[in-house]
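Breakdown of the fold
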Amino acid sequence: MTGTSKVTRRRAETRRRLLDAALDVFAEKGFGRTTVDDVCARAGFTRGAFYSNYVSLDELFLSVWEERSDSFLAAAEATVSDAEEDPVASIEEGVDRLLDLAPVDARWARIEWEFTAHALRTPGLPEVMASREERISDLLLRILERALTQVNRRIVDREAFAAALIAVHDGTAVQVLIESDPVAAKRRRRDLFLAVVNSYTEPS
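Here's a quick rundown of the structure. The structure displayed is predicted, hence computed values, not measured ones.

Describing the overall build of the protein chain
Summing up its helical and strand segments, the protein chain has nine helices and two strands in all. Start at the N end of the protein chain and walk to the C end: the helices and strands fall as α-α-α-α-α-α-α-β-α-α-β. Relative to all contacts within the protein chain whose residues are 6 or more apart in sequence, the contacts with residues 24 or more apart total 68%. In the protein chain, 28 side chains carry a positive charge and 35 a negative one; their mean positions are 6 Å apart.

Re a nonpolar patch on the surface
A cluster of nonpolar side chains, namely Trp 113, Val 174, Leu 177 and Ile 178, defines an oily patch on the protein surface of about 340 Å² accessible area. Per element, the largest residue contribution to the nonpolar patch is three residues, and it comes from helix H8 (residues 158-178). With respect to the secondary-structure elements, Ile 178 resides in helix H8. Classification of Ile 178 as exposed rests on a relative accessible area of 63%.

Topic: the layout of surface pockets
In this structure, the largest pocket occupies an estimated 1,400 Å³ of space. Lining the largest pocket we find 50 residues, and of these Phe 72, Ala 102, Leu 140, His 169 and Phe 193 sit closest to its centre. When residues of the lining of the largest pocket are traced back to their parent elements, those giving at least two are helix H4 (57-85), helix H5 (91-101), helix H6 (106-120), helix H7 (125-149), H8 and helix H9 (182-199). Among the elements that take part in the lining of the largest pocket, H7 stands out by supplying 11 residues, more than any other. For the lining of the largest pocket, a count of residues per class yields 35 nonpolar, eight polar and seven charged.

Concerning the environment of Met 129
Here Met 129 is to be found in helix H7. Spatially, the C-alpha atoms of Met 129 and Leu 101 are 22 Å apart, while their sequence positions differ by 28 residues.

Rules used in this analysis
Residues numbered from 1 in each chain as written. Predicted model: local features only at pLDDT ≥ 70, side-chain atom pairs only at ≥ 80, totals over all residues. Heavy atoms only, no water. Helix = DSSP H or I, 4+ residues; strand = E, 2+ residues; numbered from the N terminus. Contact = heavy atoms within 4.5 Å. Lys, Arg positive; Asp, Glu negative; His and termini not counted. Charge placed at Lys NZ, Arg CZ, Asp CG, Glu CD. Patch = residues over 30% accessible without salt bridge, like charges linked within 9 Å, V, L, I, M, F, W, Y side chains within 5 Å. Areas by Shrake-Rupley, 256 points an atom, 1.4 Å probe, with all protein chains shown as cover. Salt bridge = Lys/Arg side-chain N within 4 Å of Asp/Glu carboxyl O. Buried < 20%, exposed > 50% of the residue type's maximum accessible area, 1.4 Å probe, protein only. 1 Å grid on protein atoms, 1.4 Å probe; cavity = no way out; pocket = protein on both sides within 12 Å on 5 of 7 lines; lining within 4 Å. Points joined across faces, edges and corners; volume = space filled by probe spheres on them. Nonpolar A, V, L, I, M, F, W, Y, C, P; charged D, E, K, R; others polar.

Such coordinate-based values are descriptive only and should not be taken to indicate function.
Below you can see the structure in the form of structure tokens.
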């Protein structure tokens, strides 16, 4: 193994430990109360190790967010590929399969909402988040377009469809976490996703 390979592997391992530590500390203390020293202490690194990999906690959070999003997209694409071998029988079944990949995660929701509040007070950060969300939405729509062909439907308005999906996901996640009957909230979540699919697609 070359020296470059060792450095690359060590750097990847350092970033992995920092990402894992950040998730834990963000969840425990809240993003706004977390410091670089907190993350370094949890990961077992110095501030130098942190700053050789990330410029700030903002960049670290965005890396965590992107990694989680990429993991979801990979799982969604795998699910659609599996469905091409075992086709879904209806839109309802397709929605159920995709929702299984994105359960409401209270721990992550707290972290994401706190960072969003922070971003809204930080010049330039909302634009960064919007750009990354646009990338994620575009990749997800490509996957959904493949999935919809299995039930002979196509998207009518890609931009509006993406916006509606995000709005339903974010809004119903809050309901699932705060309402006294989470089972009913999850049922409404499923019904709303189904309504969005039906509203923004048509027979192909």
